[in-house]
Structure formats: C-alpha cells, structure tokens
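A structural walkthrough
Listed here are the chains, written in short residue letters.
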Amino acid sequence: MPSGTQVGAGHHPLMLKLLLLPLRGLARLLLALLILFEEWGWEPLRRAMGWLASRLPLRWLERGLARLPPSAALVVLVLPSLLIIPLKIAALWLIAQGKAWLGLGLIVAAKLAGTALLAWLFHLIQPALMRLAWFARLYERWMAWKAELLAWVRASAAWRGARALRMAWRRRWRTGRG
C-alpha cells in the first residue's frame, strides 16, 4: 500500500450522504407542512385583511402602497416579519414563565396576524416588486419550487388518504343534515 493512503478514504462523503438522506426527507416534509399552512391561509387571510382595511379608513393607505417604487415596496415587504418579533419574544417569555399555552397561543395569533398582513401587503406591492429583475427571478423560482413540493405532497399516500377521508366526512355530513 502506498504511503499516505488510508483505508476507506473517499467513503466518508457517501456515508455522510446516506446519513443525511433521512434528514433531508424530514426537512422536506416539515417545509411542505409549513408551506401548506401558508398556502391554506394566504388567500383567506388576505381577503380578511382587505375586508378589515375596507371597514377602517385605510383605502388611502392601500392606494399609497400600490404606488410605491420597487425599493420602498421591498422595505414594506419586510415589515410584518419585524413587527411580530416582539410578540414572539413575549411568547417565549410566557413559555419560560410556565404559561406554555398562553405563549403558544400568542405565537399562533402572531403567525396568523403576520401572514394576513403580509398577504395583504404583498397583493398591493407585488407589481412594484416584480419590476426588480432579481426579485422577479427569485419569485419565479420560488413559485416553481413550491409547486413541485406541493405536487410531491399531494401525490403522497398520506395526502390522498386524508383527502379521501375528508371527502367521506363531507358526504356523511351532507347526508346527515339533509
């Protein structure tokens, strides 16, 4: 054996790949669940926020947001994430104080409110953001990747089974009420 040659050298990357494979699947599943939540809530929450904005004197704000230049629209896009940071910190503090349910409730409420605000804002500023070439490219890639991930989830046996179960419950509900 030539000097400096180790037995098994070159096998570590393969072993590492094999060890990380289940983690990639788990990460993909968790990300898919997060995206499904966003997908489920995005449009209804956007409409709810739009309804709220129509009840409050915010039409002037909507018109102003729709006319923003791309750079200002980008700043506005980041605001909802920054606004909920103090709420998340407060939720963690509540959990540390032994008020786990209250902290968890605050996290869920902050997530719902943040998603509603972001969806409403994005709907208003998307045309301006799409004038940024790099943003438009990233958005297009994101949408393609998200569609692929959602197709993967929807093709899974678990998704098909849950969907069949939901349809059966709906049929049973309708026949039980009618």
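A few points on the structure. (Residues numbered from 1 in each chain as written. Predicted model: local features only at pLDDT ≥ 70, side-chain atom pairs only at ≥ 80, totals over all residues. Heavy atoms only, no water.)

Attention now moves to the overall build of the chain. When its secondary structure is counted, the chain shows seven helices and zero strands. Expected size for 178 residues packed as a compact globule is a radius of gyration near 16 Å; at 23 Å, the chain overshoots this value by more than 25%. Principal-axis analysis of the C-alpha atoms places the extent of the chain at approximately 80 × 55 × 40 Å. Considering only contacts in the chain between residues 6 or more positions apart, those separated by 24 or more positions represent 73%. Of the roughly 13,200 Å² that the chain leaves accessible, carbon and sulfur atoms contribute 70%. (Helix = DSSP H or I, 4+ residues; strand = E, 2+ residues; numbered from the N terminus. Rg over C-alpha atoms; globule rule 2.2 N^0.38 Å. Contact = heavy atoms within 4.5 Å. Areas by Shrake-Rupley, 256 points an atom, 1.4 Å probe, with all protein chains shown as cover.)

Before going further, it helps to examine the environment of leucine 20. For leucine 20, the position within the fold is in helix α1 (residues 12–55). Distance in space between the C-alpha atoms of leucine 20 and leucine 92 is 30 Å, their sequence separation being 72 residues.

Right, let's talk about the nonpolar core for a bit. The biggest cluster of nonpolar side chains holds 16 residues, and the ones touching the most others in it are Leu65, Trp120, Ile125 and Leu129. Among the secondary structure elements, those contributing two or more residues to this core are α3 (70–83) and α5 (100–129). When sequence neighbours within four positions are dropped, the list of residues in contact with isoleucine 125 reads Leu65, Leu68, Ala73, Val76 and Leu77. Ranked by size, the runner-up nonpolar core spans six residues in total, among them Ile35, Leu149, Leu150 and Val153. (Core = buried A, V, L, I, M, F, W, Y, C linked by side-chain atoms within 4.5 Å. Buried < 20%, exposed > 50% of the residue type's maximum accessible area, 1.4 Å probe, protein only.)

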